[in-house]
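Residues per chain are reported as follows:
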Amino acid sequence: MWRVCARRAHHVAPKAGSGARWTALQEGPRAPRRSLRCGPAPARPRGATSGDGGVRALCGWSPGSGAASRTRFLLQLLTSTGRRCYSLPPHQKVPLPSLSPTMQAGTIARWEKKEGEKINEGDLIAEIETDKATIGFEVQEEGYLAKILVPEGTRDVPLGTPLCIIVEKEADIAAFADYRPTEVADLKPQATPPTPPSVGTVSVTPQSVIPPPLATPAGPATPAGPKGRVFVSPLAKKLAAEKGIDLTQVKGTGPDGRIIKKDIDSFVPSKAAPAPAAAVSPPSPGVAAVPTGVFTDIPVSNIRRVIAQRLMQSKQTIPHYYLSIDVNMGEVLLIRKELNKMLEGKSKISVNDFIIKASALACLKVPEANSSWMDTVIRQNHVVDVSVAVSTPAGLITPIVFNAHIKGLETIANDVVSLASKAREGKLQPHEFQGGTFTISNLGMFGIKNFSAIINPPQACILAIGASEDKLVPADNEKGFDVASMMSVTLSCDHRVVDGAVGAQWLAEFRKYLEKPITMLL
């Protein structure tokens with residue numbers, strides 16, 4: 001009843017606005033309503049209500065039913081902070097969208113824009129970590145970023161939660177300085193787990209381990225966070241480790257001084273940097289270095305959590321079996337060399353591109369291997385979309401080479417290079433890694449001879465590629481043998497979809513295409 005009365009009170013004298021309603025309620029039960037303008041109030045039509053009598057007539061109150069107390073209650077409703085939202089300028093709340101079919105929540109990995117900055121249509125404003133990958137979030141509106149509602153590093157943000165507020169005019173930004181919606185009141189960035197204390201170490205004073213005259217190398221230093229933490233993106237951290245760059249000497253240009261890939265690529269070591277390294281001497285015998293602890297707890301990212309769930313589900317629910325063969329790669333290596341000479345540096349075809357093409361054509365010959373288990377039916381796909389496993393700092397992801405069966409080697413090579421680069425930089429779009437009908441995992445570049453891969457459901461097969469090595473093979477020559485580059489491959493099959501004989505047939509077709517690459521043109 002009180003809510004109905006308050007709502008009706010807001011509609012008393014609509015032309016006079018909120019100031020008239022304030023005056024009508026403030027003057028008390030028996031005072032006549034005065035106009036906001038100087039001078040006598042204008043005449044009103046017959047039947048129009050005036051003063052608090054208008055409120056009583058709307059709400060059905062009687063004169064002796066405690067109108068004064070009810071008037072005070074309505075004053076509190078009208079002047080409460082919850083009713084002041086109508087004073088905010090025009091704005092738009094940007095919610096967290098669903099970036100993958102299985103996404104239930106996301107993590108705000110990084111904000112690319114700061115409060116007050118101009119936003120154009122298509123600009124990247126944040127990086128969202130989903131259950132599949134870290135994806136750049138673009139806005140389709142122009143305006144200014146007035147307020148960031150969910151801070152960077154907040155995990156498990158539910159779908160639909162407002163992430164930020166965008167306004168049309170720069171002058172409206174100040175109105176949202178203290179704005180905080182109730183939907184995000186309980187969302188806070190996850191704190192970094194404390195470093196466990198060292199166990200079983202020798203008590204040594206810091207002066208006995210680190211020489212006091214150690215000089216700080218010249219050059220810009222990266223601002224460190226709490227407890228000396230250096231803020232760096234996963235890709236930049238990996239590149240720095242590969243190049244042997246000390247992150248403390250790199251100046252970050254990302255948000256809040258974060259080190260990004262561009263900073264690593266443009267980093268030039270200072271000439272004075274080697275001096276401290278020479279000054280550090282190994283600890284003397286009998287003095288143990290102070291360890292930082294016996295273990296480190298690494299937070300589980302959304303991507304790693306989903307990888308763990310899917311792999312466990314695959315091994316527990318799919319009846320795997322494995323078939324292995326050796327493939328003579330001599331002809332492939334010769335043709336690859338000739339093709340790369342013809343391309344003259346425009347593109348570079350790799351052995352993996354031949355493998356993708358041969359796999360796609362073998363799937364057309366043996367469509368049972370290009371099928372999916374759908375519980376009630378077995379879906380046999382008529383196109384071959386090859387998923388290629390790519391290792392990234394955040395975890396394993398499988399971008400897709402679509403329609404690999406109709407693409408040429410150069411097109412496949414360009415697609416793989418582009419997809420792998422976008423995967424490592426976290427810029428893959430959902431449609432570029434969701435789906436696929438057949439998967440290839442290649443560890444040959446790491447010297448792995450052979451391995452058995454885990455099937456990526458709902459697919460029925462995955463091909464594991466090992467390294468090539470020279471072996472003696474029978475030959476029709478004077479020696480009776482020859483040296484050939486042999487590559488070991490292992491096909492993992494889902495026995496619910498692909499029987500053993502069918503898997504062997506697929507491998508035979510695959511080997512035929514690689515040992516005689518010219519047959520790929522037929």
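Above this text you will find the structure in question.
Quick caveat, the model's predicted, so the values are computed rather than measured.

Draft legend 1. Seen up close, the sheet that holds strand 18 (residues 481-494). Read from one edge of the open sheet, six strands run 9-18-17-16-12-15, paired in mixed fashion. Two strands in the sheet have a free side with no partner beyond their single neighbour: strand 9 (320-328) and strand 15 (400-401). Contacts from helix 11 (residues 351-365) reach strand 12 (386-388), strand 16 (438-442), strand 17 (461-474) and strand 18 within the one sheet, and its direction differs from that of strand 16 by about 155°. Of the strands in this sheet, strand 9, strand 16, strand 17 and strand 18 are in contact with helix 13 (residues 500-515), which crosses strand 9 at around 20°.

Draft legend 2. Expanded view of the nonpolar core. One finds Ile-128, Leu-163, Leu-463, Val-489, Trp-506, Phe-510 and Leu-514 to be the most contacted residues of the largest nonpolar core, which totals 75 residues. Tallying contributions element by element places helix 11 first for this core, with eight residues. Core analysis: the next-biggest nonpolar cluster, separate from the first, contains ten residues, Leu-235, Val-250, Ile-259 and Ile-264 among them.

Draft legend 3. Here's a closer look at the environment of Pro-181. You can see Pro-181 is positioned in the loop between strand 8 (162-167) and helix 5 (206-209). Residue classification places Pro-181 among the buried positions, given a relative accessible area of 5%. Taking C-alpha positions, Pro-181 is 8.5 Å from Pro-162, a pair spaced 19 residues apart along the chain. Setting aside its immediate chain neighbours within four residues, Pro-181 contacts Lys-93 and Leu-149.

Each value, and the rule that gives it
- Residues numbered from 1 in each chain as written.
- Predicted model: local features only at pLDDT ≥ 70, side-chain atom pairs only at ≥ 80, totals over all residues.
- Heavy atoms only, no water.
- Pairing = 2+ DSSP bridges.
- Helix = DSSP H or I, 4+ residues; strand = E, 2+ residues; numbered from the N terminus.
- Contact = heavy atoms within 4.5 Å.
- Axes fitted to C-alpha atoms, helices over the stretch in contact; angles between N-to-C directions.
- Core = buried A, V, L, I, M, F, W, Y, C linked by side-chain atoms within 4.5 Å.
- Buried < 20%, exposed > 50% of the residue type's maximum accessible area, 1.4 Å probe, protein only.

Note that all results are geometric; they support no functional claim without further evidence.
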